[in-house]
Amino acid sequence: MEALKTLFNLTLSDFNDEDGAHQLRLITAIMRHVLMIKTQTEDKTEELHSHAINLLSNIPVLCLGVMISVQSRGGIEEYSGKNMDVIQVLLDFMVKRIDKGSNFKEGLTPVFSLMTESSRHHRDIRKYIKAQVLPPLKDVKNRPEVGTTIRNKLVRLMTHVDTGVKQSAAEFLFVLCKESVDNLLKYTGYGNAAGLLAARGLLAGGRGGGQYSEDEDSDTEEYKSLKPFINPITGHVEEPMPNPIEEMTEEQKEYEALKLVNMFDQLSRQQIIQPMGVKQDGTIAPLAEAISQCNIGSCSSDSD
């Protein structure tokens, strides 16, 4: 354990030359071996793996391909001809830490960081992890955060009280979705993803800045048949609700609308809430500022 802690401190330095990169690849190979070890007890094994993951989080992403370059043998995880045994260990470690239900920041952030960056830069790793975490959707009758699957557990973390935890979980899922807003929302719902999209300036949709392969994800027949009925905010099919204004007269509807506007105006004047809007660049801003920018943009377009 002490040797791993020492290596962790050493790898905080920059290794810019080829010899340094070679040393980092060797360290990665050793850490792969460490992650495959099981000690006398589960607790000791988890502690050992935790130190190895912390160390791998310091390794440049281009050196992490060593983790899956080991020759495949019978009876182990394999994907596209790559040895994914250690990636499965990382996934199992992540799920075990989530199931503990405590100390998320120290226990989960390093493994999230390692798997996110590995998935961002290594296509085979991303595709293997996505197959385990975000398999093709079949059940859309339950909310994305409800259930016992890995996806359900990660979506619940997207609204965790700790900012670091929810950002790490959301970024991990976003990368698995190739930084496509539409793809992410399919698995999480808009409500759970709003924090990430606001931080990235993607509330209006689009893609992040990552470079990914052009292969398309295929939807199941169950998802295709129910897609028109999915609530995009909650990410699931909701039971039909009675329309509360269906039996109102036009005068009653207008009265209720004005009442609601006055309530919002009062709360805004008392600075209890602040109405927000989405700017042209996809970020949020106070409503007056967003409207002003929109008007300026419209005027510019008209003049052109």
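Overview of the structure. (Residues numbered from 1 in each chain as written. Predicted model: local features only at pLDDT ≥ 70, side-chain atom pairs only at ≥ 80, totals over all residues. Heavy atoms only, no water.)

Remarks on helix H2 (residues 18–35)
As a reminder, the rule being used: In this text, helices come from DSSP runs of H or I with a minimum length of four residues, and strands from runs of E with a minimum of two, each type numbered from the N-terminal end. Given the number of residues in a helix, its expected span is that number minus one, multiplied by 1.5 Å. Buried, partly exposed and exposed residues are distinguished by accessible area as a fraction of the type maximum, computed with a 1.4 Å probe on protein chains only: under 20%, between the cut-offs, and over 50%, respectively. In this description, one arc is meant: the one made by directions from the helix axis to the C-beta atoms. Only heavy atoms enter the contact rule, under which two residues are in contact if any of them lie within 4.5 Å.
With 18 residues, H2 extends 26 Å from end C-alpha to end C-alpha; this agrees with the ideal 26 Å at 1.5 Å per step. Residues Gly20, Ala21, Leu24, Ile27, Thr28, Met31, Arg32, Val34 and Leu35 constitute the buried set of H2. The buried residues of H2 occupy an angular sector of 155° when the element is viewed end-on, so they sit on one face. Seen from the open side of H2, the exposed residues pointing more than 90 degrees away from its buried face are Glu18 and His33. The secondary structure elements touched by the buried residues of H2 are helix H1 (2–10), helix H3 (42–56), strand E2 (82–83) and helix H4 (85–100).

Focus on helix H10 (residues 190–200)
Owing to its 3.6 residues per turn, the α-helix aligns residues three or four sequence positions apart on the same side. By the burial criterion, the buried members of H10 are Asn192, Ala193, Leu196 and Leu197. Mapping the buried residues of H10 onto a view down its axis gives an arc of 120°, with all of them on the same face. Facing away from the buried side of H10 by over 90 degrees, the exposed positions are Gly195 and Ala199. Of the surrounding secondary structure, the elements contacted by the buried residues of H10 are helix H7 (150–157), helix H8 (163–176) and helix H9 (181–188). Two residues or fewer past H10, Gly201 is found with a positive phi of approximately 70°.

Overview of the packing of aromatic side chains
For the record, the criterion: Any Phe, Tyr or Trp ring, taking Trp's six-membered ring, that has another such ring centre within 6.5 Å forms a pair; planes under 30 degrees apart are called stacked, those over 60 apart edge-to-face, and the others tilted. The rule is short: NZ of Lys or CZ of Arg within 6 Å of the ring centre and within 35 degrees of the ring normal puts a charge over the ring.
One pass over the full model with this rule turns up 1 aromatic pair. With a centroid separation of 5.8 Å and 35° between ring planes, the pair formed by Phe112 and Phe172 is classed as tilted. Placement of the pair is Phe112 in helix H5 (residues 104–121) and Phe172 in helix H8, with a sequence separation of 60 residues. Look at Phe172 and you get buried, because its relative accessible area is 0%. Between the NZ or CZ atom of Lys186 and the centre of the ring of Tyr223, over which it lies, the distance is 5.5 Å.

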